[in-house]
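Breakdown of the fold
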Amino acid sequence: AYITAGSGSRLKGFVLRDCVFNGSDPEQWSKLTKSGLSGIVVSAYIDSLLIENNHISNVKALGININGQLCGVDYKGVKNEKSGKGVVIRNNYLENIGKDGIFVNNCYEPLVEYNVVNKAHSYAQNTHHVAIWAFASYGALFQYNEAYDTKTIYDGQGFDCDYECYDTTFQYNYSHDNTGGFMLICVEPSAAWMPKGYSYNVGSTVRYNISQN
């Protein structure tokens, strides 16, 4: 499922619920281009998006990939409510995903809860992927999710709060048997577009989680 909009257009009130996405064809994955079929991709200015109760399996690229187009907060901490708003990803089951399991990017206060990602990063080679993570977002909340059997160490974690994020919270999640471990928190010090000396990932909170094996 691929949802997008024309330049300057804004999507509002989308619901993807009770769908099954199965990309079982082995030819969908290309080692050369590191590409293939994804489950759900939304790339647009967003206002209200619910992704709920879906089953995504055997896709060779990303499981759920949300890009709200505008960073949720800048390096000074100025919030941007024009980025992806009202994004809720809840109670989805993802298994055998080629790259990232659930990825929220350029969002404002997204909620990701009660999802299970089993065996992310199962096809990509020498590229960096995580089961469940945020990038360039403000106030993201990840809770009651389970991530396990994520493959490789590039990055291979169950969860990740990546750079250009502010006030991200990971709580009550269960991580186990991930090759890269439980949690990745990072910044990018060499971003060419950023004013000299700035690089940010501010206010990450990781609490009340279980990390096993």
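Definitions and cut-offs
- Residues numbered from 1 in each chain as written.
- Predicted model: local features only at pLDDT ≥ 70, side-chain atom pairs only at ≥ 80, totals over all residues.
- Heavy atoms only, no water.
- Salt bridge = Lys/Arg side-chain N within 4 Å of Asp/Glu carboxyl O.
- Helix = DSSP H or I, 4+ residues; strand = E, 2+ residues; numbered from the N terminus.
- Buried < 20%, exposed > 50% of the residue type's maximum accessible area, 1.4 Å probe, protein only.
- Contact = heavy atoms within 4.5 Å.
- Pairing = 2+ DSSP bridges.
- Axes fitted to C-alpha atoms, helices over the stretch in contact; angles between N-to-C directions.

The final tally for this structure, using the stated rule, is 5 salt bridges. For Glu52, the salt bridge goes to Arg17, with nearest N and O atoms at 2.9 Å. Taken together, the residues span a long stretch of sequence, with Glu52 in strand 5 (residues 45-52) and Arg17 in strand 2 (residues 10-17) at a distance of 35 residues. By relative accessible area, Arg17 is classed as partly exposed at 40%. Taking the shortest distance from any N to any O, the salt bridge between Arg90 and Glu52 comes out at 3.6 Å.

Here the focus is the environment of Ile66. By secondary structure assignment, the location of Ile66 is in strand 7 (residues 64-67). In this structure Ile66 comes out as buried when scored by relative accessible area, which is 0%. Along the sequence, Ile66 and Asn105 sit 39 residues apart, while their C-alpha atoms lie 5.8 Å from each other. In contact with Ile66, other than residues within four places in its own chain, are Val42, Ile46, Leu49, Ile51, Val87, Ile89, Phe103, Val104, Asn105 and Cys107.

A sheet is described by the order of its strands in space; here 7 strands give the open sequence 3-6-9-13-16-19-22, paired in parallel fashion. The outermost strands of the open sheet, each flanked by one partner alone, are strand 3 (20-22) and strand 22 (210-212). Neighbour-to-neighbour, the strand axes of the sheet open up by a mean angle of 5°, direction not taken into account. Here 3 bridges tie strand 19 (residues 174-176) to strand 22, and the two strands are oriented parallel to one another. Each bridged residue has a counterpart across the sheet, and for Ser175 the counterpart in strand 22 is Ser211.

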